[in-house]
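In case you want the letters, here they are:
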Amino acid sequence: MILRLILYLLIFLGIYYAISGLLAGAKKRPGEGKGEDGVDDVMAPCPECGAYFPMGIGVSRRSGGQRLLFCSEECAERHARRG
């Protein structure tokens, strides 16, 4: 009797966690917010070399009153030297 109750409880919990996992995955939209590594998924082009990179790891600089986002320190320095 008790073993049957424990078995039913385990089956119920398995079904519950399976369904809740499916619903949690359906709520998250791909490409929205931050990825698994905590970096923004939104890609931006580097104004210097044209390479696309995640915005969360970009190097921010001000140029001509605008905020520009570069893929690396090297590109930011190259852009600053060119004027």
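What this report covers is the structure whose coordinates are included nearby. Just so you know, the residues in each chain are numbered from 1, in the order the chain's sequence is written. Only residues with pLDDT of 70 or above have their local features reported here, since the model is predicted, and side-chain atom pairs are shown and tallied only from 80 upward, although totals for entire chains, interfaces and linings are computed over all residues. Side-chain numbers come from the whole structure's heavy atoms, not from hydrogens or water.

**Describing helix 2 (residues 73–82)**
Here is the rule: Here the term buried applies to any residue with accessible area under 20% of the maximum for its type, exposed to any over 50%, and partly exposed to those in between, with areas from a 1.4 Å probe on protein chains only. For the purposes of this entry, the term helix denotes a DSSP run of H or I that reaches at least four residues, the term strand denotes a run of E that reaches at least two, and both are numbered from the N terminus. When we speak of the arc, we mean the arc of directions from the helix axis to the C-beta atoms. Residue contacts are counted whenever heavy atoms from the two residues lie within 4.5 Å of one another.
Within helix 2, the full set of buried residues consists of Cys75, Ala76 and His79. Angular distribution of buried residues about the axis of helix 2 spans 100°; they occupy a single face of the element. Summarising the geometry of helix 2, the exposed residues directed more than 90 degrees from the buried face are Glu74, Ala80 and Arg81. Those residues of helix 2 that are buried lie in contact with strand 3 (59–63) and strand 4 (66–70). Downstream of helix 2 by a residue or two, glycine 83 has a phi angle that is positive, lying close to 95°.

**With respect to the nonpolar core**
Quick note on the threshold: Definition of nonpolar core: a set of buried residues of the types Ala, Val, Leu, Ile, Met, Phe, Trp, Tyr and Cys, connected through side-chain atoms within 4.5 Å.
Judged by nonpolar contacts, Ala44, Cys46, Phe53, Val59, Leu68, Leu69, Phe70, Cys75 and Ala76 together constitute the single largest core of 9 residues. Every element with two or more residues in this core is listed here: strand 4 and helix 2. Among the elements that line this core, the one with the most residues is strand 4, at 3 residues. Once residues within four sequence positions are removed from consideration, valine 59 is found in contact with Leu68, Leu69, Phe70, Ser72, Glu73 and Ala76.

**Considering the pattern of salt bridges**
As a reminder, the rule being used: By salt bridge we mean one thing: a side-chain nitrogen of Lys or Arg within 4 Å of a carboxyl oxygen of Asp or Glu.
All chains considered together, the criterion is met by 2 salt bridges. Across the pair arginine 82 and glutamate 48 runs a salt bridge, and its minimum N-O distance is 3.1 Å. Residue arginine 82 is located in helix 2, and its partner glutamate 48 is located in the loop between strand 1 (43–45) and strand 2 (52–54); the two are separated by 34 residues in the primary sequence. Accessibility expressed as a relative area gives 60% for arginine 82, which makes it exposed. Between glutamate 73 and arginine 61 there is a salt bridge; the shortest N-O distance is 2.7 Å. Here arginine 61 lies in strand 3 and glutamate 73 lies in helix 2, a separation of 12 residues in the sequence. Here glutamate 73 falls in the partly exposed class, since its relative accessible area comes to 40%.

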